[in-house]
Amino acid sequence: MSKVWFITGAARGMGAEIAKAALAAGNQVVATGRRVDVVTKALGTSENLFVTELDITREGQVKNAMEAAINRFGRIDVLVNNAAYGHLGVFEETSLDEVRAQYDTNVFGTMAVTQAVIPFMRKQRSGRIINISSAAGLKGVFGGSIYNSSKFAVEGFSQSIAEELAPFGVYVTVVSPGFFRTDFLDLSSVKYSKAGISDYSEALAEFRDFHDNRNHTQVGDPAKLAYVVLQLVQVEKPPVSFVAGTDAVDWAKSVVNQKKEQLDEWHALSISTDGTW
Ligand SMILES: NC(=O)c1ccc[n+]([C@@H]2O[C@H](COP(=O)([O-])OP(=O)(O)OC[C@H]3O[C@@H](n4cnc5c(N)ncnc54)[C@H](OP(=O)(O)O)[C@@H]3O)[C@@H](O)[C@H]2O)c1
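This section reports on the structure supplied with the text. Being a predicted model, the structure only gives us computed values, none of them experimental.

So, how was this worked out
- Residues numbered from 1 in each chain as written.
- Predicted model: local features only at pLDDT ≥ 70, side-chain atom pairs only at ≥ 80, totals over all residues.
- Heavy atoms only, no water.
- Helix = DSSP H or I, 4+ residues; strand = E, 2+ residues; numbered from the N terminus.
- Rg over C-alpha atoms; globule rule 2.2 N^0.38 Å.
- Buried < 20%, exposed > 50% of the residue type's maximum accessible area, 1.4 Å probe, protein only.
- Contact = heavy atoms within 4.5 Å.
- Pairing = 2+ DSSP bridges.
- Right-handed = clockwise from strand over helix to strand, strands pointing away.
- Salt bridge = Lys/Arg side-chain N within 4 Å of Asp/Glu carboxyl O.

Observations concerning the overall build of the protein
Part 1: A tally of helices and strands in the protein yields 9 helices and 9 strands.
Part 2: Computed over the C-alpha atoms, the radius of gyration of the protein is 20 Å, within 12% of the 19 Å expected from 2.2 N^0.38 for a compact globule of 277 residues.
Part 3: When the backbone C-alpha atoms are referred to their principal axes, the protein occupies close to 60 × 55 × 35 Å.
Part 4: Here the protein holds 277 residues, and 44% of them are scored as buried.
Part 5: Within the protein, contacts between residues at least 6 apart in sequence are counted, and of these 70% link residues at least 24 apart.

Section: the pairing of strand β7 (residues 170-177)
Part 1: Counting buried residues in β7 gives 7 out of 8 residues, a clear majority hidden from the surface.
Part 2: As judged from the 6 bridges shared by strand β6 (residues 127-132) and β7, these two strands associate in the parallel manner. Each bridged residue has a counterpart across the sheet, and for Gly 127 the counterpart in β7 is Val 170.
Part 3: For the handedness criterion, the β-α-β arrangement of β6, helix α5 (residues 147-165) and β7 is classed as right-handed.
Part 4: With 4 bridges joining them, β7 and strand β9 (residues 241-244) adopt parallel strand pairing. Residue Val 175 lies in a different strand from β9, and its bridge partner there is Phe 242.

As for the pairing of strand β2 (residues 28-33)
Part 1: Of all the 6 residues making up β2, 5 are buried; the element is thus mostly covered by neighbouring parts of the structure.
Part 2: The pairing of strand β1 (residues 4-7) with β2 spans 4 bridges and is parallel. Bridge pairing in β2 places Ile 7 opposite Ala 31.
Part 3: In this fold, the crossover linking β1 to β2 by way of helix α1 (residues 13-24) has right-handed handedness.
Part 4: Across 5 bridges, the pairing between β2 and strand β3 (residues 49-53) is parallel. Across the sheet, Ala 31 pairs through a bridge with Val 51, a residue of β3.
Part 5: Crossover β2 to β3 through helix α2 (residues 36-43) is right-handed.

Description of the pattern of salt bridges
Part 1: Going through the model one piece at a time under the given rule, you end up with 8 salt bridges.
Part 2: Taking the shortest distance from any N to any O, the salt bridge between Asp 212 and Arg 208 comes out at 3.3 Å. Here Arg 208 and Asp 212 lie together in helix α6 (residues 198-214), a separation of 4 residues that amounts to about one turn.
Part 3: Asp 212 sits in the partly exposed class, given a relative accessible area of 36%.
Part 4: By relative accessible area, which is 29% here, Arg 208 ends up partly exposed.

Printed below as a string of structure tokens:
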């Protein structure tokens, strides 16, 4: 059955692919982005497509885009919170303004769009919210203090609202992809903290090489991810957490195993805090 989709960051990468897949499946799509002309160039024009301006860090635009979407198609069945970017680098070398900017987009922007759509979905007693997180949201790593922690926030946020909204037939799935071939690691998207402290320089050079070498060579296919999202939206009881890509599945399993090993190793000390009252 045809649904109305609302997608953030639809100008390129996963957002554009999800919009294309949703349109190809006969849905109505509200494709949003910071520049309407770029979104339109990526997706073309059609009766089922409505393109509107949305920088998710701008609350006024969130409200306007949601209102315009409802005016155009009458409802929203699927929200895809896709817009985000990576801020990578060593924490000590990162300014608090850079931290705030990352959270303004990845966390508060995602929350703002979600908060704007919930009243409609709750009243219609149905809806799907797909929050694109990352395998980075499952474990912290060198150079990931800002981006990874922002995606941890997306994971915790999504899991929590999943419990609040399920009674109203609104299902939330947080998708944690591994590396996908988009502009994510391209300097048109990713941001790096300004390096300067020599104590970090060797590890940082390795970190930077690792990411530069993966730019536009990532194994994950965003078009295939888009079809996975389409399937997740169709299943009756979707998972709250979903991992996408072999690398992300391996990563998620190692995270779980490490967690279990740590819990077992420190078990006696962990439970030593219970009061004897
Ligand atoms: N590709 C990967 O390896 C990977 C892995 C794990 C998770 N992810 C996640 O996947 C999602 C999509 O990323 P991608 O891989 O498709 O990267 P991408 O090619 O860089 O696309 C990101 C999109 O987000 C938009 N965006 C950024 N900040 C925005 C803002 N404030 N308001 C509105 N739109 C904004 C960008 O808009 P502009 O075009 O205007 O810059 C762009 O269209 C993100 O949530 C990312 O964290 C990606």
